[in-house]
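# Topology and contacts: notes
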Amino acid sequence: MNTKMLGALVGDIVGSVYEFHNTKSTDFDLFYGASKYTDDSVMTLAVAKWLLEDEAHTLHYLIYCMQELYHNHPNAGYGGHFYCWLAKDNPQPYNSWGNGAGMRVSPVGLYAKTLDEALALAALTASVSHNHPEGVKGAQAIAACSFLCRQGRTKQEIKEYIEKTFCYDLNRTIAEIRPRYSFDVSCQGSVPEAIIAFLEGNSFEEVLRLAISLGGDSDTIGAMACAIAACMYPIPEDIAIRCDSILTDDLRDIKNRFCKLLDERTT
């Protein structure tokens with residue numbers, strides 16, 4: 001079964017215990033008893049459910065999937081404005097540039113058959129709430145990285161595309177960023193950093209550790225970086241099994257059905 005879908009979920013679950021207790025080291029335990037899935041995993045799987053069940057990719061059904069999973073998992077740690085958006089009868093975009101747009105988009109990069117489709121679907125996933133240009137840009141950048149990885153592009157090719165298309169500064173290292181990096185929930189302040197963690201790491205686990213070691217919004221940076229990394233590197237089996245076991249049955253079912261769809265689309 002295609003395991004790339006687990007990338008974002010692993011980054012979220014491992015990062016969950018470090019979001020408010022940051023580490024600035026790559027030498028940390030991946031799992032604790034408190035390790036859990038958060039809103040990042042829930043909304044990522046809402047996007048996967050949308051792609052699975054709505055071939056027309058309507059905004060109405062995307063919102064339905066997001067609200068349905070929110071109601072099933074109301075205590076997953078949603079941000080204040082987004083929490084209010086999810087609870088409304090007729091939610092409207094609120095011009096957010098938050099990194100929620102980037103953390104939930106990874107299924108798009110796995111699903112799309114062309115780069116243009118990846119960019120268009122990513123914009124849709126952001127537009128229902130995070131319709132600020134930086135929110136849309138963050139979602140598109142993460143989706144594009146994942147798609148380009150799937151196509152076998154090199155890291156240098158991916159870096160050049162992202163820099164040219166989205167004007168992110170990727171000419172920094174994690175060691176340079178880490179000392180002064182603090183909690184930043186904006187796309188512009190976390191999406192480039194997640195991409196840099198991917199560019200710098202030489203295995204899935206190294207990308208995961210680099211991303212979490214930045215501190216800040218650890219689960220979301222981990223989710224974004226690992227979503228990309230899973231398209232280039234295998235997820236270690238023990239890590240995949242542990243994270244899969246932390247998901248609830250309904251979330252695991254969506255994940256498994258989406259993985260099956262990905263397998264069908266590549267045969």
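Residues numbered from 1 in each chain as written. Predicted model: local features only at pLDDT ≥ 70, side-chain atom pairs only at ≥ 80, totals over all residues. Heavy atoms only, no water.

## Observations regarding a nonpolar patch on the surface
On the surface, Phe20, Trp97, Phe183 and Val185 cluster together to form a nonpolar patch covering roughly 420 Å² of accessible area. Along the polypeptide, phenylalanine 20 turns up in the loop between helix 1 (6–15) and helix 2 (39–53). Phenylalanine 20 gets classed as exposed once you look at its relative accessible area, which sits at 64%. (Patch = residues over 30% accessible without salt bridge, like charges linked within 9 Å, V, L, I, M, F, W, Y side chains within 5 Å. Areas by Shrake-Rupley, 256 points an atom, 1.4 Å probe, with all protein chains shown as cover. Salt bridge = Lys/Arg side-chain N within 4 Å of Asp/Glu carboxyl O. Helix = DSSP H or I, 4+ residues; strand = E, 2+ residues; numbered from the N terminus. Buried < 20%, exposed > 50% of the residue type's maximum accessible area, 1.4 Å probe, protein only.)

## Points about the packing of aromatic side chains
By the definition in use, this model includes 10 aromatic pairs. Centre to centre, the rings of phenylalanine 20 and phenylalanine 183 are 6.0 Å apart; their planes meet at 15°, and the pair counts as stacked. You can see phenylalanine 20 sitting in the loop between helix 1 and helix 2 and its partner phenylalanine 183 sitting in the loop between helix 10 (174–177) and helix 11 (191–200), a full 163 residues away along the chain. Over the ring of phenylalanine 198 we find lysine 155, and its NZ or CZ is 4.9 Å from the ring centre. (Phe/Tyr/Trp six-rings, centres within 6.5 Å; stacked < 30°, edge-to-face > 60°. Lys NZ or Arg CZ within 6 Å of the ring centre and 35° of its normal.)

## What about unusual backbone geometry?
With a phi close to 60°, asparagine 95 is a non-glycine residue in the positive phi region. The residue asparagine 95 is located in the loop between helix 4 (80–87) and helix 5 (100–103) in this model. Backbone geometry at cysteine 167 places phi at a positive 60°, although glycine is not the residue there. As for its placement among the helices and strands, cysteine 167 is situated in the loop between helix 9 (155–166) and helix 10. Residue classification places cysteine 167 among the exposed residues on the basis of a relative accessible area of 64%.

All we've got here are geometric facts, nothing functional implied.
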